[in-house]
Amino acid sequence: MNRSTDVASEADPLSALRAATATRHAALDAGLPIGAPDASLHDYTAHLALLRTWLAPLHAWLAGFADGPPFEHATRLARIDADLAEAGHALSTTPAGIGTDAAAWPATASLAYRWGVHYVIEGSQLGGAVLYERLRDRLAPHGLRYLKGDDAGPGPRWRVFMQALRASVRTPAEIADACAGACAAFDRILGLRGDPRTGLAHPAWPPAAPAEPPPARAGTA
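What you see is a predicted model, and the numbers here were worked out from it, not measured in a lab. (Residues numbered from 1 in each chain as written. Predicted model: local features only at pLDDT ≥ 70, side-chain atom pairs only at ≥ 80, totals over all residues. Heavy atoms only, no water.)

## Looking at the packing of helix α5 (residues 111–124) against helix α8 (residues 155–168)
The criterion, for reference: Throughout, an axis means a line fitted to C-alpha atoms (over the contacting stretch in the case of helices), and angles, computed between N-to-C directions, take values from 0 to 180 degrees. Here a helix means four or more residues in a row that DSSP labels H or I, a strand means two or more in a row labelled E, and each is numbered from the N terminus. Oblique is the label for every angle not falling under 35 degrees (roughly parallel), over 145 degrees (roughly antiparallel), or within 65 to 115 degrees (roughly perpendicular). Crossing handedness follows the turn of the near helix against the far one: under a right angle anticlockwise gives a left-handed crossing, and clockwise gives a right-handed one. Residue contacts are defined here by distance: any two heavy atoms, one from each residue, within 4.5 Å place the two residues in contact.
In the contact formed by α5 and α8, the axes pass within 11 Å of each other and the chain directions differ by 165 degrees. Classified by the interaxial angle, the pair formed by α5 and α8 is roughly antiparallel. Judged by the twist between their axes, the crossing of α5 over α8 is left-handed. On the side of α5, the interface is formed by Trp115, His118, Tyr119, Glu122 and Gly123, while α8 contributes Arg157, Trp158, Phe161, Ala164, Leu165 and Ser168.

The structure is reproduced here in structure tokens:
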């Protein structure tokens, strides 16, 4: 049975997308160390490494279409890079090949399929505000730029996105395509959790936190 096709009978594409991806969404949330009560800065940088590996090729792929959802993701990548740099993980230390597999995504994907991919990307930011409130004191003085996002928070952008998606994805065939794209986006990030290029699996990424300098001896400058 094709779940993505089945949920296409829903009148609302957002309801269909939520139903199609519910199991994947739950599996992703359950497996992320950043959501643990004792999440550390290392957990955060590992999370960022995973997201960058996922987002960078998606950004490159989506930028190759003349039509599509008008939502840019460059600022999110910039925030990820800034957070990694502040934590001492410059991009020069990124494992070879990270974020370069845009060709893995279909070059002839329908507009509806790409709306489904965007649904997952946009939705990934919604939990950031909650994590930011939970972690900002624990991980201070790190700025947590990616989790903080825009000053207005993710709500206004998400509302605009929902309106645009509903206006663009209407027919059962389009909804089925959107569900297929959303499931593919979830499957990709779920698969990356075991990819040796990501921080959740590779012992060298992020690099070990630099050792704290020894305390100054009494009587020294």
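## A few points about the packing of aromatic side chains
Cut-off, in case you're wondering: Two aromatic rings from Phe, Tyr or Trp, using only the six-membered ring of Trp, form a pair when their centres are within 6.5 Å; if the ring planes differ by under 30 degrees the pair is stacked, by over 60 it is edge-to-face, and anything between is tilted.
All chains considered together, the criterion is met by 6 aromatic pairs. An aromatic cluster is present here, built from Trp61, Phe65, Trp105 and Tyr113 joined pairwise through their rings.

## Some remarks on the side chain of His142
The test is simple: As used in this structure description, the phrase polar contact means that two N or O atoms lie within 3.5 Å; if the pair is within protein, one of them must be able to donate a hydrogen and the other to accept it, and residues adjacent in sequence are counted only when both atoms belong to side chains.
Its place among the elements puts His142 in the loop between α6 (126–135) and α7 (145–148). Among the polar contacts listed, one links the side chain of His142 to the backbone oxygen of Asp83, at a separation of 3.0 Å. If we ignore the near neighbours within four places in the chain, the residues touching His142 are Leu41, Tyr44, Asp83, Glu86 and Ala87.

## Some points on the pattern of salt bridges
Inclusion rule: Whenever Lys or Arg places a side-chain nitrogen within 4 Å of a carboxyl oxygen from Asp or Glu, that contact is recorded as a salt bridge. For every residue, the accessible area obtained with a 1.4 Å probe (protein chains only) is divided by the maximum for its type, and the residue is called buried under 20%, exposed over 50%, and partly exposed between those limits.
Applying the stated criterion across every chain, the model contains 9 salt bridges. One salt bridge in this structure joins Arg136 and Glu133, with 3.3 Å as the shortest N-O distance. Using a relative accessible area of 37% as the deciding quantity, one classes Arg136 as partly exposed. With relative accessibility at 47%, the residue Glu133 sits in the partly exposed group. If you follow the salt bridges from partner to partner, you end up with Arg76, Glu122 and Arg157 in one network.

## Here we look at the environment of Ala180
Along the chain, the position of Ala180 falls in helix α9 (residues 172–192). Sequence separation of Ala180 and Ala112 is 68 residues, and the distance between their C-alpha atoms is 9.2 Å.

## Some thoughts on the environment of Arg145
If you trace the backbone, Arg145 turns up in helix α7. Residues Arg145 and Asp81, 64 residues apart in the sequence, show an inter-C-alpha distance of 9.6 Å. Separated by 2.6 Å, the side chains of Arg145 and Glu86 make a polar contact.

## A short note on helix α3 (residues 41–62)
Stated formally: By this rule the span expected of a helix is its residue count minus one, scaled by 1.5 Å.
If you check α3, its first and last C-alpha atoms are 31 Å apart, about what 22 residues at 1.5 Å a residue would give, namely 32 Å. Of all 22 residues in α3, 17 are buried; the element is thus mostly enclosed.

## Concerning unusual backbone geometry
The residue after Ala140, namely Pro141, is reached through a cis peptide bond having omega 10 degrees. Within the fold, Pro141 resides in the loop between α6 and α7. The phi dihedral of Leu144 falls on the positive side, at around 50 degrees, and the residue is not glycine. Tracing the backbone through its elements, the reader meets Leu144 in the loop between α6 and α7. Owing to a relative accessible area of 0%, Leu144 belongs among the buried residues under this scheme.

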